[in-house]
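Close look at the chain arrangement
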Amino acid sequence: MTLTGDGPDATASPLAASVGLADADLVVMYRLVALARAVDERMWILNRAGRIPFVISGQGHEGAQVGLAWALRRNHDWIAPFYRSIATCLTAGMTPRDLMLAQYAKASDSGSGGRQMPGHYGGPEHNIVSVSSPVATQILHAVGIALAARIRGTDQVAVAIMGEGSSNQGDVHEALNFAAIHRLPFVFIVENNGYAISVPAEREVSVKDVAMRASGYGIPGVVVDGTDVLACYRVGREAVERARSGGGPTLIEAKVTRLTAHSSDDQQTKYRSETDLAEGRAHDPLPIFRARLREAGVLTDEIEAALTVEIAAVVEDATDFAEAEPDPDPFTAVDWVYADPAASEPPPPWHPAGPGLSGGPH
Amino acid sequence: MTLTGDGPDATASPLAASVGLADADLVVMYRLVALARAVDERMWILNRAGRIPFVISGQGHEGAQVGLAWALRRNHDWIAPFYRSIATCLTAGMTPRDLMLAQYAKASDSGSGGRQMPGHYGGPEHNIVSVSSPVATQILHAVGIALAARIRGTDQVAVAIMGEGSSNQGDVHEALNFAAIHRLPFVFIVENNGYAISVPAEREVSVKDVAMRASGYGIPGVVVDGTDVLACYRVGREAVERARSGGGPTLIEAKVTRLTAHSSDDQQTKYRSETDLAEGRAHDPLPIFRARLREAGVLTDEIEAALTVEIAAVVEDATDFAEAEPDPDPFTAVDWVYADPAASEPPPPWHPAGPGLSGGPH
Amino acid sequence: MAIRTFIEAIRDGMAGEMRRDGSVIVLGEDVGRKGGVFLATDGLWAEFGDDRVIDTPLTESMIIGASIGAAMNGLRPIAEIQFADFIHPAFNQLVSEAARMRYRTNGVVGVPMVVRAPYGGGVHGALYHSQSVEAFFTHVPGLKVVIPSTPYDAKGLLRSAIRDEDPVLYFEHKKMYRSVRGEVPDVEYTVPLGRASIRRAGRHVTLVAYGLMVAYGLEAAERVAPEGVEVEVVDLRTLRPLDRETLLGSVRKTGKCLVAYEDNRFGGYGAEIAAIVAEEAFDYLDGPVSRIAGPDVPAMPYNHALEDWFMLSPAKIADAIRKLAAY
Amino acid sequence: MAIRTFIEAIRDGMAGEMRRDGSVIVLGEDVGRKGGVFLATDGLWAEFGDDRVIDTPLTESMIIGASIGAAMNGLRPIAEIQFADFIHPAFNQLVSEAARMRYRTNGVVGVPMVVRAPYGGGVHGALYHSQSVEAFFTHVPGLKVVIPSTPYDAKGLLRSAIRDEDPVLYFEHKKMYRSVRGEVPDVEYTVPLGRASIRRAGRHVTLVAYGLMVAYGLEAAERVAPEGVEVEVVDLRTLRPLDRETLLGSVRKTGKCLVAYEDNRFGGYGAEIAAIVAEEAFDYLDGPVSRIAGPDVPAMPYNHALEDWFMLSPAKIADAIRKLAAY
Ligand SMILES: Cc1ncc(C[n+]2csc(CCOP(=O)(O)OP(=O)(O)O)c2C)c(N)n1
Ligand SMILES: Cc1ncc(C[n+]2csc(CCOP(=O)(O)OP(=O)(O)O)c2C)c(N)n1
Ligand SMILES: [Mg+2]
Ligand SMILES: [Mg+2]
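All values reported here derive from a predicted model rather than from experimental measurement.

Let us look at the overall build of chain A. Within chain A, the secondary structure is distributed over 12 helices and seven strands. Viewed in the frame of its principal axes, chain A has a C-alpha envelope of about 65 × 50 × 50 Å. Of all intrachain contacts in chain A linking residues separated by at least 6 positions in sequence, the fraction that spans at least 24 positions is 71%. A total accessible area of about 11800 Å² is found for chain A, and carbon and sulfur atoms account for 54% of it.

Structure below.
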């Protein structure tokens, strides 16, 4: 996903050069982190204002998400993300408008047409697999995608992403075993934020690092600091290259922090101490990445000012746009049970029986 | 389960002493291996003779089974075995008659009253959990048993046993994670015979040793040679002691060989080479254990002769006994859907409606 | 008598049984310090401690499988599945193991355990937090299935379920947790499994329902009453074992039967009720056994317009009653 | 026209589609070198190689989950579940994922895949190798369910299932694999999904069946024919989508309907058929919609005496026909 090339974009500070990128890449990456945060914060405001009934957030995860996703080939490689993957989805090509349409569940939401809950993104045109709620199922989809990529020779890599709590599900074991046996072009990313809702890591994962489980499958396991965006990129790139070149899967664990409650339905002060929360805030990737880029001279006052304005405008635009879009027509709810509308059962009695309205797309 | 005590039974050769047992223990252990084999061979004969429609066998696994189970407290600790656990069940207290009743599925089969398929043993009075067919489910039962033991303070250890193929099921991941978090008194035994029916280990387990997976849960993982009965005992004892004393679970992988086809429905020559089969036969635990005990002077011509006669008689007795027992009354098939017969649905029309015959135990 | 919400009654039922019987434990995701995502177990961890209120990892098959084992070794686990939609990873443990343990041991080994799970829609839960899953389990001999419709029953049925010797799935409509209140005695009482309750007597149409649909059905009955249609509302309460007598007795009286359920219509639990009535009350029927149920789309969509379309309502049920009454 | 066994027809169907379409793959336990425990895939590995015939680890959720992923990325997987009883670990992937992918993406992403599994009893398979599991899946919108009853249909329906754009569960009664033979054209043909077939015409009673029960039903029809009872046997072939027209057309003609299924009666697939008939053919009914089905015990016990008790038979079905005909 690198922008590196000829021309002015190719300028590379020592920091950028250390990971083989140009300064311009770093600015785009920073923008993605900041943009994801801004979209996310707006979601909470909209929730509090009663505009959207539910928010689930990526705040604290964005650095890892941008760094890791930067290693992928956009619209070519596959991503099976989870409900915190806002920055991942933006990096992979979704726009704030896409995200806000999903948040508002409007008819033009390209992921699900307003059928899915907020946070359940999907971007078919970017090879982003539609998120479902039962956790961890997506790892098997990604493995199957990788299998098809290998059989069909498409040179694609498939990535699955989830939290550390979800990584204890049986599907993860079955997926890693199969992917490792067949050395599939697959990368498993665990964003470890130390909690599964209220349950702290020591009560939900039996080891300190989920990455310790990799060796049990005969694949490399790497722990990376999720506040270090460039370290995430480096680790992601290695894994993606290994996958693409036939070296098999990698398990990457990014240590991140959950800056918000689990979701808008949760009250995290009930189970997290003030110290714990403060510790979390100290690991906010946004200010850390920002400081790093400023230190390296990549981020200047000028660039920052421009980004701030641009991001505010983009978020505003996305919100206004999504807000103004129409809700889905309720009678479209019968559509797409099957590809063939005739395969559907008859609609319920309260459904109009006009042409195109019973049991199929219209 | 040791017999060690005062009197003549306490005599210990250097071999026996090396594992803290008496010679008499070793003879009993040898008898169990040989008895399991003899019962097993009889099962195949009965199958070929058309007396029992199905056999699934423990041949090649018996050494590991006896050695490992010898470390348990009989009728106190719990075992959740699998369909090859003939020697395990004998060691834990079941008799050849019990096994043959199960094989013939007779009414007096104490495990299931003839309801279960051959090989699906159960011995409630010995804390042997009834075997079901879907593999690996029993690991969670054993973990739950261990949890109850810990909460109730019963000082019991729970063991789950399965093949290496089954160890890839999701339930195994979830079980080990939970058992490790709570340091439950639990031991997981994998009898690795290199095949899941026709699929060789390298296509079904992504690592050479299943024991390599233990570290991913923060528990010890041990590989032991399943032909070395006393090594199995030593490893089992350590794990059981660790479990009982609060040290948490252990994963033990015993390398064994499958001397027969997967079951009487399988033809293993279709997928195993003659070399592979010969290699398997070279790892038969029975002659290996026998030679070891003879070398150590524990097994003498006299003892062997006596055992041969006794075992032949016991197998004969078990077969005759089971063969002569009655089949279950078909109308008992409605019993025990629930503890309360009134909770059952009405029986089908072909079921007699007399008292005691509709929907409940009689 | 105190007025309690539906969820308070459930919580009281658990707490009461835990006080009465030291072998009762609670386990599930977030059931401890947080008290459950709906707060059904709020306060239990503080009262009963780590050993009896266990925050599990996010692994449903483990929650059910370990409960089976614990039940075999002397405990009476109450397993919470955070949302009924997430019971599916535990399907094998429930269907192959919990349901068959007594049968496969010829009566010797039982599995006394309760699985609680919030089900149902109309709460902006979307495709994966709205599902009705009862039909998957009412089909399985060896399992019992309870769905209460009042706080009184919620507590009394839960206590019976906990004391039962067999696995009981206990589904709670999440929309009722705080919106439904009712009188709940402070004394210890139980409501037996396997007995339906006639919530409203009527001569013209029998409406069979459970869970939230009982309230909707009663409201629908109110709506059609001024039109001269007298509806008898049968609240099944226990879906398995089914109280055939009450069901058939009512239909034999009214001659008309409408089954209302929120789940997808095709192959839903109401199909069995309709089939039983059609076969066993045939001679009494003055109209077709009818069903009003959730549409046959894979799950409840999120957007409120779509969700409203999916959900049954008193108005939709009233329409179905009118149609049947007019037959 | 060649005479083929049921299992040969299935094998031919797979091989034919694999030759026609390079995106069709087969995966499952022992499907490769061994050719499957029933030999349904025998020879495929030799012809199509490691990439297209994959021996998987013993992990059903993975088999289904990876098939979903592979289907999303351009393949058409045929997943074999070794016994239908072992599909339960994959329940979540089937119900939450395969069935809902198209719906949750508003039509954009489909999952064209087939899940084959041997089901049914009467083969000494005991509690865990005899199960009928169709009711769990026919209830799930988004899934299609096929159960063939003849070699001709087995091949033709399988080809249609493989070409279908949505997930199709294809259940094969294992007792029929070698005992049933029939004519199967060598030319390429398909049998469309969603169309029932009238296997025998009759005026007095409609017998609705699928899978092995079609053969038993035809035999039962033979038995009662000399008594003057003319039975019309409707073979559903596809359980979902259901061919309502053929079903209701027959019942409207005969006025009597008996549904036969091997699965446990309570909440089985036949309940839905009975409910539909009871509601939609009410005015035509001359007798109660009746069901003859497996007993409501958790599973088929092993001992032959118990198994015989459990299994339906032509004689048991004939008795049920007589009872209904005499109504
Ligand atoms: C199978 C399943 N069980 C339960 C839930 C409810 N649930 C949603 S998110 C979550 C916690 C996830 O924790 P983790 O995987 O660590 O991700 P995080 O939310 O911390 O990023 C739970 C229990 C679910 N979505 N799916
Ligand atoms: C869930 C499930 N899937 C498939 C099967 C069919 N099956 C029975 S045994 C077996 C192979 C088991 O291999 P392994 O665990 O290595 O044990 P082994 O038989 O080699 O001792 C299979 C696939 C089953 N019993 N359960
Ligand atoms: Mg987490
Ligand atoms: Mg093996």
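This paragraph deals with the packing of aromatic side chains. Under the defined criterion, the tally for this structure stands at 33 aromatic pairs over all chains. Taking the centre distance of 6.3 Å and the plane angle of 50 degrees together, the rings of tyrosine 269 of chain C and phenylalanine 266 of chain D count as tilted. In this pair, tyrosine 269 of chain C is assigned in helix α10 (residues 269-280) and phenylalanine 266 of chain D in the loop between β13 (257-264) and α11 (269-280), connecting two distinct chains. On the basis of relative accessible area, tyrosine 269 of chain C is assigned to the buried category, the value being 2%. Residues phenylalanine 38 of chain D and tyrosine 177 of chain D carry aromatic rings whose centres are separated by 5.1 Å and whose planes lie at 50 degrees to one another, so their mutual orientation is tilted. With a gap of 139 residues between them, phenylalanine 38 of chain D in the loop between β2 (24-28) and α2 (44-48) and tyrosine 177 of chain D in helix α8 (residues 176-179) connect regions that are remote in the sequence. Grouping residues by exposure puts phenylalanine 38 of chain D and tyrosine 177 of chain D together as buried.

It is worth spelling out empty space enclosed by the protein at this point. Empty space within the largest cavity amounts to approximately 200 Å³. Along the walls of the largest cavity sit 15 residues, with Asp171 of chain A, Asp171 of chain B, Pro89 of chain C together with Ser61 and Pro89 of chain D positioned nearest its centre. Looking at the lining of the largest cavity, the elements that each hand over two or more residues are α7 (170-181) of chain A together with α7 (170-181) of chain B. Split by residue class, the lining of the largest cavity holds three nonpolar, eight polar and four charged.

Here we take up the packing of helix α6 (residues 137-152) of chain A against helix α3 (residues 60-72) of chain D. Between α6 of chain A and α3 of chain D, the shortest axis-to-axis distance is 6 Å and the interhelical angle comes to 60 degrees. With respect to α3 of chain D, the element α6 of chain A is oriented oblique. α6 of chain A and α3 of chain D meet at a crossing whose hand is right-handed. Of the residues in α3 of chain D, those touching α6 of chain A at Leu140, His141, Gly144, Ile145 and Ala148 of chain A are Ser61, Met62, Gly65, Ala66, Ile68, Gly69 and Ala70 of chain D. Here the contact of α6 of chain A with α3 of chain D is built from residues that sort into seven nonpolar, five polar and no charged.

Turning our attention to the coordination of the magnesium ion (ligand 3). All names here are of chain A. In the first shell of the magnesium ion (ligand 3), the protein supplies Glu164 (OE), Glu164 (OE), Asn193 (OD1) and Tyr195 (O), at 2.1 to 2.7 Å from the metal. One can describe the donor arrangement at the magnesium ion (ligand 3) as irregular, given that its six donor atoms subtend angles of 52 to 178 degrees at the metal. For the magnesium ion (ligand 3), the donor residues sit on a single chain with the sequence spacing E-x28-N-x1-Y. We note that asparagine 193, like tyrosine 195, is buried.

This part takes up the interface of chain B and chain C. Contacts between the two partners involve 40 residues from chain B, matched on the other side by 42 residues from chain C. Across the chain B to chain C interface the summed buried area is about 3400 Å²; carbon plus sulfur atoms make up 61%. Together, His141, Trp336 and Tyr338 of chain B form the three largest contributors to the area buried by chain B at its contact with chain C, with a combined 18%. Run the count over chain B and chain C and you get one salt bridge. For glutamate 345 of chain B, the salt bridge goes to arginine 244 of chain C, with nearest N and O atoms at 2.7 Å. Summed over the shared surface of chain B and chain C, the number is 23 residue pairs in polar contact (both at pLDDT 80 or more). Of all the secondary-structure elements, those providing two or more residues to the side of chain B that touches chain C are α6 (137-152) and α7 of chain B.

The subject of this paragraph is the pattern of salt bridges. Scanning all chains against the criterion turns up 94 salt bridges over all chains. Residues aspartate 155 of chain A and arginine 73 of chain A are paired through a salt bridge, measuring 3.5 Å at the closest nitrogen-oxygen approach. Here aspartate 155 of chain A is found in the loop between α6 and β2 (158-163), whereas its partner arginine 73 of chain A is found in the loop between α3 (62-69) and β1 (78-80), with 82 residues between them in sequence. Here lysine 255 of chain A ties to aspartate 209 of chain A by a salt bridge, and the two come within 2.6 Å at their closest N and O atoms. With lysine 255 of chain A in strand β7 (residues 250-255) and aspartate 209 of chain A in the loop between α8 (201-204) and β6 (221-225), this residue pair connects regions lying 46 residues apart in the sequence. Residues joined in a network through salt bridges with shared partners are Glu17, Arg20, Arg159, Arg163 and Glu188 of chain C.

All names here are of chain C. Taken in spatial order, the five strands make up an open sheet running β9-β11-β10-β13-β14, and their pairing is mixed. With one partner strand each, in any of the chains shown, β9 (197-200) and β14 (290-294) form the two edges of the open sheet. The sheet shows a mean angle of 25 degrees between the axes of neighbouring strands, direction not considered. Note: β9 against strand β11 (residues 231-235), three bridges, orientation antiparallel. Considered in β11, the bridge of arginine 200 is made with valine 233.

This part covers the coordination of the magnesium ion (ligand 4). All names here are of chain B. Only Glu164 (OE), Glu164 (OE), Asn193 (OD1) and Tyr195 (O) from the protein coordinate the magnesium ion (ligand 4), and they sit 2.1 to 2.7 Å from it. Each of the six donor atoms around the magnesium ion (ligand 4) contributes to a set of angles spanning 52 to 178 degrees, which defines the coordination as irregular. For the magnesium ion (ligand 4), the donor residues sit on a single chain with the sequence spacing E-x28-N-x1-Y. With a gap of 29 residues between them, glutamate 164 in the loop between β2 (158-163) and α7 and asparagine 193 in the loop between β3 (186-192) and β4 (195-196) connect regions that are remote in the sequence. Classification of asparagine 193 by relative accessible area gives buried; the value is 8%.

Another point: the pairing of strand β7 (residues 168-173) of chain D. All names here are of chain D. Where burial is concerned, most of β7 is hidden: six out of the six residues are buried. Taking every second residue as pointing to the same face, both faces of β7 are buried, with Val168, Tyr170 and Glu172 on one and Leu169, Phe171 and His173 on the other. Of the strand pairs in this sheet, strand β6 (residues 144-146) and β7 are connected by three bridges, and their pairing is parallel. In the strand pairing of β7, valine 145 is matched with leucine 169. Taking the sense of rotation as the criterion, the β-α-β connection linking β6, helix α7 (residues 151-163) and β7 turns out right-handed.

Right, let's talk about the site of ligand 1 for a bit. In the vicinity of ligand 1 there are 22 residues, among which Tyr83, Arg84, Ser166 and Tyr195 of chain A together with Glu60 of chain C approach most closely. This site is not confined to one chain, since residues near ligand 1 come from chains A and C. The separation between an oxygen atom of ligand 1 and a polar side-chain atom of serine 166 of chain A is 2.5 Å. Between tyrosine 195 of chain A and ligand 1, the recorded distance is 2.6 Å, taken from a backbone N or O atom to an oxygen atom. Taking 580 Å² as the accessible area of ligand 1 by itself, protein coverage stands at 97%. Grouping the amino acids of the shell around ligand 1 by side-chain chemistry returns nine nonpolar, nine polar and four charged.

For chain C, the mean per-residue pLDDT works out to 98, and 100% of the residues sit at or above 70. The ipTM assigned to the predicted complex is 0.98, against a pTM of 0.98.

Turning our attention to unusual backbone geometry. Arginine 240 of chain C connects to proline 241 of chain C through a cis peptide bond whose omega is 0 degrees. Within the secondary structure, proline 241 of chain C is located in the loop between β12 (238-240) and α9 (244-254). Although it is not a glycine, tryptophan 336 of chain A sits at a positive phi angle of roughly 65 degrees. Its location among the elements puts tryptophan 336 of chain A in the segment after α12 (301-324). With a relative accessible area of 24%, tryptophan 336 of chain A lands in the partly exposed category. Its identity as a non-glycine residue notwithstanding, asparagine 106 of chain D has a phi of 55 degrees, on the positive side. Here asparagine 106 of chain D shows up in the loop between α5 (101-104) and β5 (114-119).

Facing the 53 residues of chain C at the interface are 52 residues of chain D. The interface formed by chain C and chain D contains four salt bridges. Note that glutamate 279 of chain D and arginine 265 of chain C form a salt bridge whose closest N and O atoms lie 3.1 Å from each other. Taken together, the links from chain C to chain D amount to 26 residue pairs in polar contact (both at pLDDT 80 or more). Secondary structure elements with two or more residues in the side of chain C that touches chain D: α4 (91-98), α5 (101-104), α6 (134-138), β12, β13 (257-264), α10 and β14 of chain C. Considering each element in turn, the side of chain C that touches chain D owes the most residues, eight residues, to α10 of chain C. Within the side of chain C that touches chain D, the residues separate by chemical class into 29 nonpolar, 12 polar and 12 charged.

Calculation rules
- Residues numbered from 1 in each chain as written.
- Chains lettered and ligands numbered in written order.
- Predicted model: local features only at pLDDT ≥ 70, side-chain atom pairs only at ≥ 80, totals over all residues.
- Heavy atoms only, no water.
- Helix = DSSP H or I, 4+ residues; strand = E, 2+ residues; numbered from the N terminus.
- Contact = heavy atoms within 4.5 Å.
- Areas by Shrake-Rupley, 256 points an atom, 1.4 Å probe, with all protein chains shown as cover.
- Phe/Tyr/Trp six-rings, centres within 6.5 Å; stacked < 30°, edge-to-face > 60°.
- Buried < 20%, exposed > 50% of the residue type's maximum accessible area, 1.4 Å probe, protein only.
- 1 Å grid on protein atoms, 1.4 Å probe; cavity = no way out; pocket = protein on both sides within 12 Å on 5 of 7 lines; lining within 4 Å.
- Points joined across faces, edges and corners; volume = space filled by probe spheres on them.
- Nonpolar A, V, L, I, M, F, W, Y, C, P; charged D, E, K, R; others polar.
- Axes fitted to C-alpha atoms, helices over the stretch in contact; angles between N-to-C directions.
- Parallel < 35°, antiparallel > 145°, perpendicular 65-115°, else oblique.
- Left-handed = near helix turned anticlockwise from the far one by under 90°.
- Donors = N, O, S within 2.8 Å, 3.2 Å for Na, K, Ca; no water.
- Tetrahedral: all angles 85-135°; square planar, octahedral: opposite > 155°, others 65-115°.
- Buried area = accessible area lost by both parts, 1.4 Å probe.
- Salt bridge = Lys/Arg side-chain N within 4 Å of Asp/Glu carboxyl O.
- Polar contact = N/O pair within 3.5 Å; in protein donor to acceptor, adjacent residues only side chain to side chain.
- Pairing = 2+ DSSP bridges.
- Right-handed = clockwise from strand over helix to strand, strands pointing away.
- Near = heavy atom within 4 Å.
- pLDDT = per-residue confidence, 0-100.

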